[in-house]
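Each chain, written out:
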Number of protein chains: 2
Amino acid sequence: MITLTEENYIKAIYHLSSNGEKTVNTNAIASAMQTKASSVTDMIKKLSEKNYADYKKYQGVTLTDDGRRVAVNIIRKHRLWEVFLVEKLNFSWDEVHEVAEHLEHIKSDKLINELDAFLEFPTHDPHGDPIPDKEGNFKHIEKIVLAKAEVGSTYKCVGVDDTSSKFLKYLDSNHIALGTIITVKHKEPYDNSIKLTLENSEIVVSQSVAKNLYLKKI
Amino acid sequence: MITLTEENYIKAIYHLSSNGEKTVNTNAIASAMQTKASSVTDMIKKLSEKNYADYKKYQGVTLTDDGRRVAVNIIRKHRLWEVFLVEKLNFSWDEVHEVAEHLEHIKSDKLINELDAFLEFPTHDPHGDPIPDKEGNFKHIEKIVLAKAEVGSTYKCVGVDDTSSKFLKYLDSNHIALGTIITVKHKEPYDNSIKLTLENSEIVVSQSVAKNLYLKKI
DNA sequence: AAATATTTTTAGACTAATCTAAAAATGTTT
DNA sequence: AAACATTTTTAGATTAGTCTAAAAATATTT
């Protein structure tokens with residue numbers, strides 16, 4: 001049996017190593033998990049014994065195939081629950097994360113596969129992140145970050161990097177949502193702020209916003 | 001903060017004391033929780049410190065108002081999730097219990113109240129048990145057990161006492177579900193078995209079945 | 001009411017996950 | 001490459017929940 005805590009560590013390692021392949025160091029996990037490095041060492045030993053991770057002392061960890069499988073399954077569950085919360089239970093995209101953190105640990109294949117069908121097999125969650133299918137395959141979207149978009153081109157908003165409530169509420173208040181059509185009007189060399197037009201408005205966003213918004217050329 | 005284990009003990013005490021009022025003894029809790037009496041003693045001390053239970057050594061426990069509030073809230077969540085699983089995710093009534101045991105511990109008022117609304121405020125779960133509303137009020141149904149039904153009368157099936165998969169599958173295979181109309185034809189004095197007619201069939205059920213099926217006169 | 005049986009509690013130990021503080025290994029500077 | 005800084009690991013303690021085995025209280029039988 002895999003514990004809730006083990007699942008959370010595996011998920012953290014997966015995210016920190018962008019897909020479980022790169023090695024991740026102890027301190028990075030500690031700060032992601034809001035715990036101490038010594039606790040991390042204990043846990044990665046355990047994950048290694050259970051064959052979810054490969055670990056050599058002082059050299060960091062990588063996930064094994066098993067570990068990656070566990071991680072992808074949790075991500076699948078997390079994102080499907082997020083879709084459910086937004087589409088069926090009137091949650092806004094800045095409210096879903098915390099609840100989904102708990103729902104993702106419920107263990108029932110029937111539950112998650114029926115939920116998937118009930119939601120009509122969504123491919124992306126409310127933040128634009130891809131939802132792996134039953135076999136763990138992601139649907140990849142070509143996307144670029146607003147900070148690197150071309151002046152004069154038109155894009156569709158397809159995702160965010162920062163999923164914090166603060167950032168998502170900022171987007172809401174500026175009428176930016178997934179699917180919003182954006183034209184890049186001007187990039188200010190002084191501070192890298194960007195002027196853009198939306199359906200009915202023109203706004204200027206700072207560089208830190210521009211770094212967290214993903215677009216797709218249309 | 002209340003832990004998952006504490007919640008499960010509180011729920012067990014509530015069920016064993018039929019509404020949290022009667023005192024419950026240690027061994028009863030131990031067997032309900034599949035644990036040892038010594039563990040129960042430790043836990044009820046803790047529940048007592050946290051003011052969820054009243055406890056005097058060797059005298060058993062009762063729930064406090066706080067404890068009852070916690071129990072009713074968990075039962076509300078459990079039963080709402082059961083309705084969701086059956087109505088939206090194609091679970092059958094014998095499959096829902098185990099998953100609901102986990103879902104019931106997810107803590108989010110918004111989640112559960114929106115779920116309630118999404119399901120259109122159901123008053124009873126798939127086994128006929130009443131679902132408490134936001135304030136903790138149950139909708140009581142007048143019901144009698146089949147074993148005590150009158151020969152010659154007609155009833156509607158409104159609930160079960162035993163919610164085990166075995167019993168529910170037995171009912172399925174005999175085409176008995178919530179809402180099924182039943183007429184009691186004969187009660188055999190020798191073994192208390194009961195002959196009854198359903199919509200299109202006539203069957204004989206044993207006393208142990210008759211003790212676990214709830215009816216309402218129509 | 002004394003003897004016996006049952007129930008409940010205590011005492012002490014175990015596991016999972018965490019912590020602090022110190023030791024060991026690795027990395028970086030000069 | 002020696003000195004310093006950082007990162008990682010170890011050692012030992014803590015907490016929640018559990019266990020076994022023995023002691024204490026309560027209940028039942030004769």
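- With an unreviewed UniProt entry as reference, chain A is termed Transcriptional regulator MntR, source organism Winogradskyella eximia.
- According to UniProt, the comment filed for chain A under the heading Sequence similarities (unreviewed entry) is "Belongs to the DtxR/MntR family."
- Reading the Subunit (unreviewed entry) entry of the UniProt record for chain A gives the comment "Homodimer."

### A few points about the protein's contact with DNA strand C
And then number 1: Contacts to DNA strand C come from 22 residues, most closely from T35 and K46 of chain A together with K45, Y55 and K57 of chain B.
And then number 2: Sugar plus phosphate, as a fraction of atoms of DNA strand C within 4 Å of the protein: 78%.
And then number 3: One of the side-chain N or O atoms of K36 of chain A is found 3.1 Å from a phosphate oxygen in DNA strand C.
And then number 4: Contact between DNA strand C and Y58 of chain A: a sugar or linking oxygen at 3.4 Å from a side-chain N or O atom of the residue.
And then number 5: Those elements that provide at least two residues to the surface near DNA strand C are α1 (4-16) and α3 (37-49) of chain A together with α2 (26-32) and α3 (37-49) of chain B.
And then number 6: With 5 residues, the top contributor of residues to the surface near DNA strand C is α3 of chain A.

### Digging into the relation of the copies chain A and chain B
And then number 1: Mapping chain A onto chain B calls for a rotation angle of 180° and an axial translation of 0.0 Å; the resulting RMSD is 0.1 Å. The two molecules are tied by a two-fold rotation axis, judged by turn and shift. In terms of C-alpha distance to the rotation axis, chain A has L103 of chain A as its closest residue, with the C-alpha 3.8 Å off the axis.
And then number 2: Interface overlap between copies: 100% of the residues of chain A at the interface are likewise at the interface in chain B, consistent with a symmetric, same-surface contact.

### Brief notes about the packing of aromatic side chains
And then number 1: With the rule as written, the count across this model stands at 9 aromatic pairs over all chains.
And then number 2: With centroids separated by 6.2 Å and ring planes inclined at 80°, the aromatic side chains of F84 of chain A and F118 of chain B adopt a geometry described as edge-to-face. Note that F84 of chain A is positioned in helix α4 (residues 65-89) and F118 of chain B in helix α6 (residues 109-118), a pairing that runs across two chains.
And then number 3: Judged by relative accessible area, which is 0%, F84 of chain A ranks as buried.

### What about the sheet that holds strand β5 (residues 181-187) of chain A?
Strand pairs in the sheet, formed through backbone hydrogen bonds, run parallel or antiparallel to each other.
All names here are of chain A.
And then number 1: Here 6 strands make up an open sheet; going across it, the order is β3-β8-β4-β5-β6-β7 and the pairing antiparallel. Across the chains shown, the open sheet's two edge strands, defined by having one partner strand only, are β3 (144-145) and β7 (202-205).
And then number 2: In the sheet, β3 pairs with strand β8 (residues 213-217) via 2 bridges, with the strands oriented antiparallel. Across the sheet, V145 pairs through a bridge with Y214, a residue of β8.
And then number 3: Sheet contacts for helix α7 (residues 165-173): β4 (154-160), β7 and β8; angle to β4, the most-contacted strand, approximately 150°.

### Comments concerning the interface of chain A and chain B
And then number 1: Facing the 18 residues of chain A at the interface are 18 residues of chain B.
And then number 2: For the pair chain A and chain B, the summed buried surface comes to about 1,600 Å²; carbon and sulfur atoms form 79% of the total.
And then number 3: At the junction of chain A with chain B, the criterion picks out 2 salt bridges.
And then number 4: Among the salt bridges present, the one from K110 of chain A reaches E95 of chain B, with a minimum N-O distance of 3.4 Å.
And then number 5: Counting across the interface, chain A meets chain B through 6 residue pairs in polar contact (both at pLDDT 80 or more).
And then number 6: Secondary-structure elements contributing two or more residues to the side of chain A that touches chain B are α4, α5 (96-103) and α6 (109-118) of chain A.
And then number 7: Among the residues making up the side of chain A that touches chain B, the classes are represented as 11 nonpolar, 3 polar and 4 charged.

### Some points on the protein's contact with DNA strand D
And then number 1: Contacts to DNA strand D come from 22 residues, most closely from K45, Y55 and K57 of chain A together with T35 and K46 of chain B.
And then number 2: Considering DNA strand D, the proportion of its atoms within 4 Å of the protein that are sugar or phosphate atoms stands at 78%.
And then number 3: Contacts to DNA strand D include T35 of chain B, whose side-chain N or O atom sits 2.5 Å from a phosphate oxygen.
And then number 4: Here a phosphate oxygen of DNA strand D and a side-chain polar atom of S39 of chain B are 2.8 Å apart.
And then number 5: For the surface near DNA strand D, the secondary-structure elements that each account for two or more residues are α2 (26-32) and α3 of chain A together with α1 (4-16) and α3 of chain B.
And then number 6: When residues in the surface near DNA strand D are grouped by element, the largest group, 5 residues, is from α3 of chain B.
And then number 7: Here the surface near DNA strand D is built from residues that sort into 6 nonpolar, 11 polar and 5 charged.

Each value, and the rule that gives it
- Residues numbered from 1 in each chain as written.
- Chains lettered and ligands numbered in written order.
- Predicted model: local features only at pLDDT ≥ 70, side-chain atom pairs only at ≥ 80, totals over all residues.
- Heavy atoms only, no water.
- UniProt positions renumbered as here; feature names shortened; annotations may be inferred.
- Near = heavy atom within 4 Å.
- Polar contact = N/O pair within 3.5 Å; in protein donor to acceptor, adjacent residues only side chain to side chain.
- Helix = DSSP H or I, 4+ residues; strand = E, 2+ residues; numbered from the N terminus.
- Least-squares fit on C-alpha atoms with pLDDT ≥ 70 in both.
- Contact = heavy atoms within 4.5 Å.
- Phe/Tyr/Trp six-rings, centres within 6.5 Å; stacked < 30°, edge-to-face > 60°.
- Buried < 20%, exposed > 50% of the residue type's maximum accessible area, 1.4 Å probe, protein only.
- Pairing = 2+ DSSP bridges.
- Axes fitted to C-alpha atoms, helices over the stretch in contact; angles between N-to-C directions.
- Buried area = accessible area lost by both parts, 1.4 Å probe.
- Salt bridge = Lys/Arg side-chain N within 4 Å of Asp/Glu carboxyl O.
- Nonpolar A, V, L, I, M, F, W, Y, C, P; charged D, E, K, R; others polar.

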